[in-house]
Structures are given as structure tokens and as C-alpha cells.
Amino acid sequence: MSILNQIRNQNKVHVQSGTVETSVLGISSGSTNSFTGRDSLVWRSDSITGGFSDAEFTVNATGTSPGTVGLMTRHASIPADITTAMFNIIYERERYATSGGGLKISYTFPALANGDYVVNLYFCNYYAATDQVGDRLFHVDVDGVRVETDLDLVATYGHRVAVMLSYPVTLTDGLLNVDIVNGSADNAIINGIEIREV
């Protein structure tokens, strides 16, 4: 049994009305720190800029950079059970797309069981040179489907506002791909990924 399947079996909770949404994998993008998140799941650190691959996830070669958590505002989309300590690690660093990585950030999760999931993506635009509307535009693809086109975090949420965006997905091949793709302005970014089984 894989590590991911062991985690899933330990954390899955059933009630009479159905299955409770439960975290099965968390990635703190660009961070050197792991932490225990919701459902007692240990989020993975993800600090290697030259790309990384193991049994649970693969990410292409991208850059990483630090954020300034103390200057961020927490958006209401971030659940209350993401504690301040968890928040601080998720948003302490980011991954950003580079030309060496094909102008996108590509995560692959090869060890998921088929079924229904929610993919939570954590973002914050905190770079001072992209603090205006239109300064940073990027696309988001979840399992091959474009779910955001020219996402402008500043226009929608504000500069230095930390946000969580959620997307449902049904897997039929046990493989999940998440791509954050450069748009027409600056680099695509991401701070964290949380995959929750429904």
C-alpha cells in the first residue's frame, strides 16, 4: 500500500449522510518547511527550484521566492481551520514560472485513487512590482481543463491578499495534473496546493 493510500485510509471519515471532505495531500509551494494541517495531514515542503519527483508528486523546474507574511491580508475564502501557523508556512514562499520550465508551473500527482476531489489552490500576489491591475495575468488548468483565464489576483482580490480558490475534479485515471501557466503579463505563481477527497 502506498504512503498516500495509508494516509487516505487513516483520515477518511464517514457519516450517515455521506463522506466528509478530507485532505489527502498538501504541498507548501517553494517552502522549506512541512507542517501538520487539517485532518492531521502533513503538508510536504517543496523548495527545490530545479524540479522534483517522488511517488506522491512531481513538479517541473521553476523559481522560488520569499513572501512577506506580515504584510498580507487573509481573504475570507481561506477556511477558519487553516490556523495562523499553517497560513504563515503556506504563504512564506511561492513558486513562479520560468522560461526553463516552459513558462508554467506543472504539478503531477500520480498516486490518487479514482473518485471525486476538490483541489484548493493558495495564491497571493505580494511582489511590489506587480501591485497594479493588469501587472500579473496567468491561467490555471486542473486536470487538463482551463478553470481560470488571465487570472488577475490584484483586480479580483487586491494586492497582498492571500486567497484560496477551489475546483472540483473527478479522476478516472488515477492521475491529477495542475498547471499554472503564464498569461500576457509577468509570471504565474502559486503558494500551495491542497487535495481533498469528497
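Going along each chain's sequence as written, the residues are numbered from 1 onward. Totals for whole chains, interfaces and linings use all residues, but because this is a predicted model, local features are given only for residues with pLDDT of at least 70 and pairs of side-chain atoms are given and counted only at 80 or more. Side-chain metrics rest on all non-hydrogen atoms present in the structure, leaving aside hydrogens and water.

1. Side note on the pattern of salt bridges
- For this analysis, a salt bridge means a side-chain nitrogen from Lys or Arg found within 4 Å of a carboxyl oxygen belonging to Asp or Glu. Scanning all chains against the criterion turns up 10 salt bridges.
- Glu 21 is the partner of Arg 196 in a salt bridge, and the nearest nitrogen-oxygen pair spans 2.8 Å. Taken as a pair, Arg 196 in strand S18 (residues 192–197) and Glu 21 in the loop between strand S2 (18–19) and strand S3 (22–29) lie far apart in primary sequence, 175 residues in all.
- The exposure class assigned to Arg 196 is buried, which follows from its relative accessible area of 6%.
- The residue Arg 44 makes a salt bridge to Asp 54 at a minimum N-O spacing of 2.5 Å. Of the two residues, Arg 44 is situated in strand S5 (residues 42–46) and Asp 54 in the loop between strand S6 (52–53) and strand S7 (58–59); the sequence distance between them amounts to 10 residues. The helix and strand labels rest on DSSP assignments: H or I over at least four residues marks a helix, E over at least two residues marks a strand, and numbering proceeds from the N terminus. For every residue, the accessible area (1.4 Å probe, protein chains only) is compared with the maximum for its type, and the residue is labelled buried under 20%, exposed over 50%, or partly exposed between those bounds.

2. Details of the sheet that holds S6
- Pairing is antiparallel in the open sheet, where six strands are placed in the order S6-S7-S11-S16-S13-S14. A single partner strand is all that each edge strand has here, and the edge strands are S6 and strand S14 (145–151).
- Pairing of S7 with strand S11 (residues 104–109) involves two bridges; the strand directions are antiparallel. Residue pairing for S11: Thr 58 is matched across the bridge by Thr 108. A strand pair is defined by DSSP finding two or more bridges across the two strands.

3. Description of the nonpolar core
- To define a nonpolar core, start from buried Ala, Val, Leu, Ile, Met, Phe, Trp, Tyr and Cys residues and group those joined through side-chain atoms within 4.5 Å. Of all hydrophobic cores here, the largest spans 32 residues; its most connected members are Tyr 107, Phe 109, Leu 121, Phe 123, Leu 176, Ile 180 and Ile 193.
- Every element with two or more residues in this core is listed here: S3, S11, strand S12 (115–123), strand S13 (137–142), strand S15 (161–171), strand S16 (176–185), strand S17 (189–190) and S18.
- For this core, the leading source of residues is S15, giving five residues.
- Throughout, a residue-residue contact means that at least one pair of heavy atoms, one from each residue, lies within 4.5 Å. Apart from the residues lying within four places of it in its own chain, the contact partners of Phe 109 are Leu 25, Ile 27, Glu 56, Phe 57, Gly 174, Leu 175, Leu 176, Val 178, Ile 193 and Ile 195.
- Membership of the second largest hydrophobic core comes to 16 residues, among which are Phe 35, Ile 82, Ile 90 and Tyr 126.

4. Remarks on the packing of aromatic side chains
- Geometry of aromatic contacts follows a simple scheme: Phe, Tyr and Trp rings, the Trp one being its six-membered ring, pair when their centres are within 6.5 Å, and the pair is stacked under 30 degrees between planes, edge-to-face over 60, tilted otherwise. Under the counting rule described, the total for this entry stands at nine aromatic pairs.
- With centroids separated by 5.7 Å and ring planes inclined at 70 degrees, the aromatic side chains of Trp 43 and Tyr 122 adopt a geometry described as edge-to-face. With Trp 43 in strand S5 and Tyr 122 in strand S12, the pair connects residues that are 79 residues apart, well separated along the chain.
- The buried category is assigned to Trp 43, whose relative accessible area is 1%.
- Note on Tyr 122: relative accessible area 0%, which makes it buried.
- Centroid distance Tyr 91 to Tyr 122: 6.3 Å. Interplanar angle 70 degrees. Geometry classified as edge-to-face. In this pair, Tyr 91 is assigned in the loop between helix H2 (84–90) and strand S10 (93–96) and Tyr 122 in strand S12, connecting sequence segments 31 residues apart. For the residue pair Tyr 91 and Tyr 122, the accessibility class agrees, reading buried in each case.
- Through successive ring pairs, a cluster of aromatic residues spans Phe 35, Trp 43, Phe 87, Tyr 91 and Tyr 122.

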